[in-house]
Amino acid sequence: MTSTTRLTVAQALVRFLTAQYTERDGERRRLIGAVWGIFGHGNVAGIGQALVEHATVPGGETSPGVPSMPFHQGRNEQAMVHAAVGHARQCGRLSTHAVTTSIGPGATNLVTGAALATVNRLPVLLLPGDVFAARPADPVLQQVEVPFAGDVSVNDCLRPVSRYFDRITRPEALIPAALQAMRVLTDPVDTGAVTLALPQDVQAEAYDWPEEFFAERIWTVRRQAPDAGELARAVEAVRAARRPLIVAGGGVHHSRAEEALAAFASATGIPVASTQAGKGSLRWDHPQDVGGIGHTGTATADALARTADLVIGVGTRYTDFTTASGTLFAAPGVRFLNLNVAPYDGHKLAGLPLIADARAGLEALAEALPAHRHRAEPAYVTEYTDGKERWEHRVDAAYEAEDADVRPTQAQVLGVLDELVTEDDILINAAGSLPGDLHKLWRARSRDQYHVEYGYSCMGYEIPAAIGVRMAAPDRPVWALVGDGTYLMMPTEIVTAVQEGVAIKVILLQNHGYASIGGLSESVGGERYGTAYRRLAADRTYTGVPLPLDLAANAASLGMRVLRARTVRDLRAALAEARGADTPTCVYVETETADTVSGAPPAQAWWDVPVAETATRPSAVKAREEYDRHVAARRRHL
């Protein structure tokens, strides 16, 4: 007779989660390391009570013999997902957190975070409460009624942004759904947001669960080896190339393929450019590293891309920023070789697919090539080496602050931070003008130092993600680089950092508006309309005096220690003090105005933002002429 245990659905789910593990290359991690939550009537009596059953208390656990499930109290549901995603990325996708919410607005607040996780192929488990499955009271508080479908709730908003979705309307349905959820979370191809919607009555319903459901499970994160035929064709393509270029994407980091990439690049002499997600795949001072590629890339990498005859994409999705909206890879007859664990990405741009784990694929290529003594031509190596040196001089010029007693530019802020950090430091950013400056300028010193979320480029990501990263790397300095626009989107998790003693460092840059979009607006004929933080003028435009915002005071009011830096000299001292702090600390600096916020070199490649085809204002007419010129250069690579 099968042994059973009587528990509620919520209790069974939490207990199940405590017994799930991942393993890759002999490294074993707990898959769900903690649960984030904000409680309401849709989850407090179910998941909330179950977490109490599995909480860690002084002197032991509330349920002897059952592993505990740590809990973190959040302030915003979207931010909780960001924290879980940051943790998952830092853990190499081997561990993540779950997020529980009530029904209604708590659940719908998950959608943006879920989209971010899925776009970036990062695992997170979402456990939103749902309306009653048995419908004894219909509608319940916060239920959005759908007259033509009784089985639809607001949680269905999560379907298109989840890699797996299920609604648990009966207790026994949890067993297959939970197992499928773990499969997707640990699949290198399919991973992303996973949603198990939990009707509030079902959460509290008891059931006799088979003990086998709670047995410890190890989910192997596989390393897929390349097919022999695809590998042979890939070797032929590399041998035939005279100007090959590697584009390193986020898959290099997810696979922990950095050493394999460095060895392959050194052995072949092929230069390596990196996407936002792939930056740091090589150290900045590696001879083959030529920096970021695409719209926010370096002049060196983009010049190589324009003349490359073979583009070797390693773990990249080829987004429009990487390809400069289809205008970058311009050489006649250019071919693509795509090493990717996902067939969907491996076949992009009509490329030769090499469907494999990034590390396994690179190692197989390296093993196959020496027999043919393949090496980049000396003139090509000299070309990109000289280009790399020229670009580093431009970085030095952007970082340099001749007068330490003046207000810094944004690039100079990065320059001061660059002087201070070591390979231990981790930088987190996601939106605004900072991603472009960081991609062009930052000198990544380790594989995980550069953490820029640019798949979804979500304002508000930085602070909660920094908390998740710091929880995964408690002994390392973790910096959240935040502009004023991003800060105002989501400063709430500062309270969480203070409450839990998570010693993140926040660099808060005040430039009085949406500087990045202001610049884009100007370039497309929008004249920076509605992008500055200024009072309304008489003509109802936002061109009055700057708003009297004191974001430093706001951060302090949330419990964070704040250091104000008015000059480059102040900034240098404040950053050094913050780096050594063991409590959450913010460095507040007002940079130059929006017109001169950056100081970094301009874009080295185009980005397609359609411009009004008809307009009366001269700025828009001129912008459309420029747009048509770039569109004419677009290549169709299928």
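I will try to describe carefully the structure that is included in this document. (Residues numbered from 1 in each chain as written. Predicted model: local features only at pLDDT ≥ 70, side-chain atom pairs only at ≥ 80, totals over all residues. Heavy atoms only, no water.)

Scanning the chain for helices and strands turns up 24 helices and 25 strands. Here the C-alpha radius of gyration of the chain, 26 Å, is about what a compact globule of 638 residues would show, namely 26 Å. Evaluated residue by residue, the chain yields a buried proportion of 57% over its 638 residues. Across the chain, contacts joining residues at least 24 apart in sequence account for 76% of those joining residues at least 6 apart. Split by element, the accessible area of the chain, about 25200 Å² in all, is 53% carbon and sulfur. Across the chain, 61 positive and 73 negative side-chain charges occur, with their mean positions spaced 3 Å apart. (Helix = DSSP H or I, 4+ residues; strand = E, 2+ residues; numbered from the N terminus. Rg over C-alpha atoms; globule rule 2.2 N^0.38 Å. Buried < 20%, exposed > 50% of the residue type's maximum accessible area, 1.4 Å probe, protein only. Contact = heavy atoms within 4.5 Å. Areas by Shrake-Rupley, 256 points an atom, 1.4 Å probe, with all protein chains shown as cover. Lys, Arg positive; Asp, Glu negative; His and termini not counted. Charge placed at Lys NZ, Arg CZ, Asp CG, Glu CD.)

Position of Asp 484 relative to the elements: it lies in helix H19 (residues 484–489). Setting aside residues no more than four positions away along its own chain, Asp 484 makes contact with Leu 508, Leu 509, Gln 510, Asn 511, His 512, Gly 513, Tyr 533 and Leu 551.

The subject of this paragraph is the sheet that holds strand E18 (residues 335–340). Strand order in the open sheet made by the six strands is E16-E15-E14-E17-E18-E19, with parallel pairing throughout. The open sheet is flanked by strand E16 (289–292) and strand E19 (352–355), the only strands paired with a single partner. Here the strands of the sheet are splayed against their neighbours by 20 degrees on average, with no regard to which way each runs. Where strand E14 (residues 244–248) meets strand E15 (residues 272–274), three bridges bridge the pair, whose relative direction is parallel. Within E15, the position partnered with Ile 246 by the bridge is Val 272. Contacts between helix H8 (residues 228–240) and the sheet are confined to strand E17 (310–314), E18 and E19, with E19 contributing the most and set at about 130 degrees to the helix. (Pairing = 2+ DSSP bridges. Axes fitted to C-alpha atoms, helices over the stretch in contact; angles between N-to-C directions.)

Our focus in this paragraph is the packing of helix H18 (residues 462–472) against helix H20 (residues 493–500). One way to put it is that H18 packs onto H20 with a least axis distance of 8 Å and a crossing angle of 25 degrees. The angle between the axes of H18 and H20 places the two elements in the roughly parallel class. Here H18 runs over H20; the crossing is left-handed. Each of Ile 463, Pro 464, Ile 467 and Met 471 in H18 lies in contact with H20, whose residues at this interface are Glu 493, Ile 494, Thr 496, Ala 497 and Glu 500. Residue composition of the contact of H18 with H20, by class: six nonpolar, one polar and two charged. (Parallel < 35°, antiparallel > 145°, perpendicular 65-115°, else oblique. Left-handed = near helix turned anticlockwise from the far one by under 90°. Nonpolar A, V, L, I, M, F, W, Y, C, P; charged D, E, K, R; others polar.)

Another aspect to go through is the packing of aromatic side chains. All told, the structure shown has twelve aromatic pairs when counted by the stated rule. An angle of 85 degrees between the planes, with centres 5.7 Å apart, marks the rings of Tyr 380 and Tyr 384 as edge-to-face. Of this pair, Tyr 380 and Tyr 384 are both found in helix H15 (residues 378–399), four residues apart, which corresponds to roughly one turn of the helix. By relative accessible area, Tyr 380 is classed as buried at 2%. For Tyr 384, a relative accessible area of 0% corresponds to the buried category. Through a chain of ring-to-ring contacts, three or more aromatic side chains come together here, namely Phe 16, Tyr 207, Trp 209, Phe 213 and Phe 214. (Phe/Tyr/Trp six-rings, centres within 6.5 Å; stacked < 30°, edge-to-face > 60°.)

What follows is about the pattern of salt bridges. One pass over the full model with this rule turns up 38 salt bridges. Here Arg 167 makes a salt bridge to Asp 156, at a shortest N to O gap of 2.7 Å. Taken together, the residues span a long stretch of sequence, with Arg 167 in strand E10 (residues 164–167) and Asp 156 in the loop between strand E9 (124–130) and E10 at a distance of eleven residues. Each member of the pair, Arg 167 as well as Asp 156, is classed as buried. In the salt-bridge network here, residues are joined through shared partners; they are Asp 25, Arg 223, Asp 357, Arg 359 and Glu 363. (Salt bridge = Lys/Arg side-chain N within 4 Å of Asp/Glu carboxyl O.)

Judged by pairing direction, the sheet is parallel, and its six strands sit side by side in the order E7-E4-E8-E9-E11-E10 without closing on themselves. The strands lining the two open edges of the sheet, one partner per strand, are strand E7 (71–73) and E10. Going across the sheet, the axis of each strand differs from the next one's by a mean of 20 degrees, ignoring polarity. Where strand E8 (residues 96–101) meets E9, four bridges bridge the pair, whose relative direction is parallel.

Moving on: a nonpolar patch on the surface. On the surface, Phe 39, Val 44 and Phe 71 cluster together to form a nonpolar patch covering roughly 240 Å² of accessible area. Here Val 44 lies in helix H2 (residues 44–53). Overall, Val 44 belongs to the partly exposed group, its relative accessible area being 44%. (Patch = residues over 30% accessible without salt bridge, like charges linked within 9 Å, V, L, I, M, F, W, Y side chains within 5 Å.)

Bringing unusual backbone geometry into the picture now. Of the consecutive residues Asp 138 and Pro 139, the connecting peptide bond is found in the cis state with omega at 10 degrees. The phi dihedral of Asp 25 falls on the positive side, at around 55 degrees, and the residue is not glycine. Mapped onto the secondary structure, Asp 25 falls in the loop between strand E2 (20–24) and strand E3 (27–30).

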